[in-house]
Amino acid sequence: SSLFNRQDVIDKLPPTLSEEDFIGIMRLSMLTECATDTYVRVFVQSSEDYNAPWLRRFTEKIWAPDEYTHADPFKAILLNMGYEEQELDREIKEAREVVYVHASGTTPFELAEFGKIQEDLTGGWYTLSRPILAQISPQAGRTVGSIEKREVFHKVWYGDIVGIHIDDNPGFVKNIADT
């Protein structure tokens, strides 16, 4: 069944948000969320480099499986807007094949801080886009709201990991500032 029709979207967008911008927001969200494995590779490599098996377990068994579900609602919205599934699948495949180069520190502590910031940014992004989607489709708004809540959980998880590291070694605070 259809979440909404394209004309309803156009009619309900705020005057400062064009249809093109709305679609760009949905595409960026979908492509960002589908690229989970690009981050997983960096976190797993860090777990091996720094003998931190807990980081690998957390990444592969907790964070990644939850994160894998986040792209689907944005893909559904774009399909509702008339995009071809093959086109979206091609874009998703390309995003997943990108080699992510993480250049701001690779220790488990630094990656946890990065994860906390990244989750805060994506959660904020969904906080801003959820009300627009809710006006277009209450179901789409609720779905993005549930992803937004998951991003908050992820931020808390990473924040706890950062806190544990700082409790164990207060010198890590300077490490954050230097990174």
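What counts as what
- Residues numbered from 1 in each chain as written.
- Predicted model: local features only at pLDDT ≥ 70, side-chain atom pairs only at ≥ 80, totals over all residues.
- Heavy atoms only, no water.
- Core = buried A, V, L, I, M, F, W, Y, C linked by side-chain atoms within 4.5 Å.
- Buried < 20%, exposed > 50% of the residue type's maximum accessible area, 1.4 Å probe, protein only.
- Helix = DSSP H or I, 4+ residues; strand = E, 2+ residues; numbered from the N terminus.
- Salt bridge = Lys/Arg side-chain N within 4 Å of Asp/Glu carboxyl O.

Chemist: What should I look at first to understand the nonpolar core in this one?
Modeler: A general trend in soluble globular proteins is that nonpolar side chains are found buried together. Judged by nonpolar contacts, the single largest core of 24 residues is most densely connected at F22, I77 and M81. Mapped onto this core, the elements with two or more residues apiece are α2 (19–34), α5 (72–80), α6 (85–97), α7 (108–136) and α8 (138–168). Looking at this core, the element that brings in the most residues is α2, giving 5 residues.

Chemist: Mind showing me how you'd approach the environment of Q45 here?
Modeler: Inspection of the secondary structure assignment puts Q45 in helix α3 (residues 36–49). Among the residues examined, Q45 registers a relative accessible area of 40% and is labelled partly exposed.

Chemist: Is there a simple way to think about the pattern of salt bridges in this case?
Modeler: When the charged atoms of two side chains with opposite charge come close together, those side chains can pair. Using the criterion set out here, one finds 13 salt bridges in the structure. Across the pair R56 and E60 runs a salt bridge whose closest N-O atoms are separated by 3.2 Å. With R56 and E60 both in helix α4 (residues 53–67) and 4 residues apart, the pair spans about one turn of that helix. Here E60 falls in the partly exposed class, since its relative accessible area comes to 37%. Beyond isolated ion pairs, a larger network of salt bridges with shared partners links R27, E87 and E91.

By themselves, these observations are geometric and do not establish any function.
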